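# Structural overview for review
Spelled out, the chains give:
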Amino acid sequence: MSRLQSNRTELKPVASAIGLLLQHRLRLVEDLWGAVLYDECGQPLVDMLKRMRSTESEPEQAALASETVSRSIEEFDLDDAVRAARAFALYFQLINIVEQHYEQRDRQSTRRINRPLENADLADSAVGTNGTDGIHNSTSVPGANYLERSWQQEDTATERAAGTFDWLFPHMQQLNVPPRQIQQLLDRLEIRLVFTAHPTEIVRQTIRQKQRRISRILHQLDRIEAAYPMLGAAAAWETEAVQQLTEEIRLWWRTDELHQFKPSVLDEVENTLHYFREVLFDAVPQLSLRLRQSLQSAFPGLKPPRNFFCRFGSWVGSDRDGNPSVTPDVTWETACYQRNLVIEQYLRALKKLSDLLSLSLHWSDVLPELLDALEQDRLQMPSLYERLAIRYRQEPYRLKLAYIQRRLENTRERNAQLSRRDGAAGVPVQMDPRAYYPTGESFLAELRLIQRSLSETGLSCGDLDALVCQVEVYGFNLAELDMRQESTRHADTIEEIVSYLQLLDRPYKELLPAERAAWLTAELKTRRPLIPGELPFSDKAREAIETFRCLRRLQQEFGQQVCRTYIISMSHEASDILEVLLLAKEAGLYDPATGISSVQIVPLFETVDDLKKAPQVMSDLFDLTLYRACLAGGFAEPQPSENEVLQPAPTNLQEVMLGYSDSNKDSGFLSSNWEIHKAQKALQSAAQQYGVSLRIFHGRGGSVGRGGGPAYEAIVAQPNRTVGGRIKITEQGEVLASKYSLPDLALYHLETATTAVVQASLLGSGFDDIQPWNEIMEELAVRSRQHYRALIYENPDFLDFFLSVTPIQEIGQLQISSRPARRKSGKKDLSSLRAIPWVFSWTQMRVLLPAWYGVGTALQGFLRQESEENLKLLRYFYLKWPFFKVAMSKVEMTLAKVDLQVAEHYVRELAAPGDLERFERLFAQIAGEYHLTRDLILQITGYEHLLDGDPELQRSVQLRNASIVPLGFLQVSLLKRLRQYTQQAAAGAIHFRYSKEELLRGAMLTINGIAAGMRNTG
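For the structure given in this document, a descriptive report is provided here. (Residues numbered from 1 in each chain as written. Predicted model: local features only at pLDDT ≥ 70, side-chain atom pairs only at ≥ 80, totals over all residues. Heavy atoms only, no water.)

### Observations concerning helix α30 (residues 798-805)
For α30, the buried fraction is high: six of the eight residues fall into the buried class. Elements in contact with the buried residues of α30: α29 (771-792), α31 (808-811), α32 (835-844), α36 (900-910), α37 (916-941) and α38 (951-987). (Buried < 20%, exposed > 50% of the residue type's maximum accessible area, 1.4 Å probe, protein only. Helix = DSSP H or I, 4+ residues; strand = E, 2+ residues; numbered from the N terminus. Contact = heavy atoms within 4.5 Å.)

Put into structure tokens, the structure is as follows:
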């Protein structure tokens, strides 16, 4: 029995074996957590934590217990408060590891139950080949949780398999989807997942490493119990594993959870790309293998898509929007870092291949082409031949791999020289091009030669096939860098250039939008340089110009694939895009004579007003001959490329990015989601009129308030005919850790995203096109937006309320990102505050307001018109309309995490005495909207309690909700002390035992712990 066992309400029982095992592991980890705290801190801390956890009692007792705990926390000295905060933060991190580990087990079990038997051994034998993670080929226990729900009311097994390839292709077969349509889609299938460094990853990489070690120990325990379920012989091994687990928890307790310094951009690059090294590099070949096997089973006559149907991008090191730390030099170093990482992975794979391909000429034939290549290698690398000729005289594959390895090592060395020298400034590195690989294509060609020789002599090598797949996907760049900058930076730069050269009779910014577009178009048609060689401009203007010059050098050295997307945040007019094209022209990225551009300009529409204007903005651009030529690959007919692997972007393809974060902050959850939904349909219609293909780039965050939620359901709910086999999505912050920390979870998320794209493209419903339904949604969105903005932007007390009762001031001091929390320093208003800390603050105080506020009022207004009939209609929407169901499900999940009792404590304790009355009135308005929204959501879903339709998610939320309460009380106590210290310091009379740094550290620890407990930040 744990020393910290509370009298909390029992969670609903879980019938599955996985669920039972999960509960068993949670009890084990909680016991070990308590034992470690007892050993490290003694009985007083254990007793204190037990009293604090009394808030987890039955609802009728919880209020009294919470009041008692709150009073006792106020009496804690700082040391006790810090230890309690650390203890709860550790607790939440541990249960997160356990849940994630058994979610992976559940996915493995579901896959084995539902897929064709003949595919099982082959697929499983190849999963989890990355030995560094140590979690693969685990023995499965039947069972599942229901984190992903199908749209149809199907039997349990089918529902669990929904979202996988083994479900998708038989399902399409049952629906008689024409194979020709499937093949056409597979031929153009394109999924892009873009990793970003948004400041929502609060956990240190040091802690992430400890999490992986604990997960490996849990895997070890699973294997012991599965191998010896009835034998006492397992006892000794199990005891040893439990001892290891205890030791890891003890080491964790003695490790600092907080970032010791503000991370640099290159630190963020290392932290983000670590997922490629640990998991994704080996997961990608398995994704292709799974798709091929499932397709072959259902449609043996169809060809699978090319291996690189799923690729990755990154903003880390290239996203400049609001981050002055991202410079051309930093972007250059990022590209070098990515190349080095992927080459290191290839070198490890080559060493393994050399061990495998020991074929002798005595016993195996080889293609003459391979022997010819070896002769060329001998002439080009004679010293290596002399060293290896005797050893590999009769082993041609090993000899060829030795040459390949040396060239790859030389490529790595040249890359290191580029990184060390001023490569961003164009300083060349001299090396014989025959001694290294200038591009990934040349490396791939040599691997394919070996692959072809094996194939034509009756052999195959799975490891070689996997490496070929990896090179096709990752090349020498690993992930394509997207550059991003705010539109005003380009306008300001053009303004300075025009003013310096005196090209206009009035300032550029005073021109009307149509006048700016006309002047830019005329300037784009001339070959005359606009920007002088010297740059007599401001630092910001020079940096903008140098960014495009850096982009040109990147493409020259690394190939166009390294970075060909330039995103313009806060896009408003067609001139925003033309300004970037003009700056690209000046850097040699656009040729006005041929109309060819090596950069793809992507407008990002973020506010509701901009989303509404987006179709017209794009139509204005499509009307321009020179812009259409950019999309088409130039004025002349594009010539087919000889490179069939690393293809340039498809011609006539326009990418448009839609921002979920700022549109939500601007108008609330329901309005934001509806406007994005409408914008996609309108953009698709505009593109079709001009014969342009459209790819929507979804700027989703981790939280619901920033577009987050299950990716499979979100993609399937996209408007009909807007996906078309192509999608691009951001993966941000804590989302990376939740999806890509473990191999099987990573594979599952990649598979469900791919399945959803195929499903949305071929099986889309027509409900999005029912005009009366659209009119009802428009009415709901308008009413929701009005109610949301009335509180956020029109209530004069709101800004003071937000700054006072949430930890927004302290969140800005977290050392978790190289980017400032505000777009513009010095301004304390909502317009300059970024969406991430906005959502983060509401999550900490357990209100999560951006994800639901206004929805209840909107629904109530519609139901008042015809109560019974309209309620039936909304229930029908929920059953049949994917968009509506996903929206309501997200609201329901968020409401389940809200705790108004804790939130009221923040208001009561953090408000200044003179503000309390007005703040309480405002909070009462928020509480009223919460109760209204919750009641109406339950009426629509037909459930008695929130998340009754998703018992596993319900259990997970319940497990955390009550345990976070004492941590919230701790945070309030420490925030009060910290703010009192600041006030006293301003008055010049400090009466505190502790320094501001010590108090701030305590507050930071509570922020860390609540973020872990909520499994969401921003």
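### Some thoughts on the nonpolar core
Core analysis: the biggest nonpolar cluster contains 136 residues, and M52, L780, W838, W852 and F884 have the highest contact counts within it. Take this core: its biggest share by element is 15 residues, from helix α4 (residues 78-114). Counting residues domain by domain, this core receives three or more from each of domain 1 (17-111 + 203-264) and domain 4 (771-949). If we ignore the near neighbours within four places in the chain, the residues touching M52 are V69, I73, F76, A84, F88, P966 and L970. Membership of the second largest hydrophobic core comes to 87 residues, among which are V284, L341, L353 and V758. (Core = buried A, V, L, I, M, F, W, Y, C linked by side-chain atoms within 4.5 Å. Domains from an automatic or database assignment.)

### Some details on the sheet that holds strand β4 (residues 565-569)
Read around the closed barrel, eight strands run β1-β2-β3-β4-β7-β8-β9-β10, paired in parallel fashion. The average undirected angle you get between the axes of adjacent strands in this sheet is 25°. Direction of pairing for β4 relative to strand β7 (residues 600-605): parallel, over a ladder of four bridges. Looking at β7, one finds that I568 is bridged to P603. (Pairing = 2+ DSSP bridges. Axes fitted to C-alpha atoms, helices over the stretch in contact; angles between N-to-C directions.)

### Observations regarding the side chain of D319
Structurally, D319 can be placed in the loop between β2 (310-314) and α12 (328-356). Among the polar contacts made by the side chain of D319, one reaches the side chain of R484 at a distance of 2.9 Å. (Polar contact = N/O pair within 3.5 Å; in protein donor to acceptor, adjacent residues only side chain to side chain.)

### So, the pattern of salt bridges
Applying the stated criterion to the full structure yields 66 salt bridges. E30 is the salt-bridge partner of R53, the closest N and O atoms lying 3.0 Å from each other. Separated by 23 residues along the polypeptide, R53 in the loop between α2 (43-52) and α3 (59-74) and E30 in helix α1 (residues 17-41) bring together distant segments of the chain. Look at R53 and you get buried, because its relative accessible area is 1%. Taking the shortest distance from any N to any O, the salt bridge between E952 and R955 comes out at 3.6 Å. Taken as a pair, E952 and R955 lie in helix α38 at a separation of three residues, close to a single helical turn. (Salt bridge = Lys/Arg side-chain N within 4 Å of Asp/Glu carboxyl O.)

### Quick notes on the pairing of strand β10 (residues 726-732)
For a regular strand, side chains alternate in direction, first toward one face of the sheet and then toward the other. Summarising burial for β10: seven of the seven residues are buried, a large majority. Of the two faces of β10, the one carrying R726, K728, T730 and Q732 and the one carrying I727, I729 and E731 are both buried. Sheet topology places strand β1 (residues 190-196) next to β10; seven bridges connect them, and they run parallel. Following the sheet pairing, F195 is matched in β10 by E731. Across two bridges, the pairing between strand β9 (residues 693-699) and β10 is parallel. Bridging across to β10, H698 finds its partner in I729.

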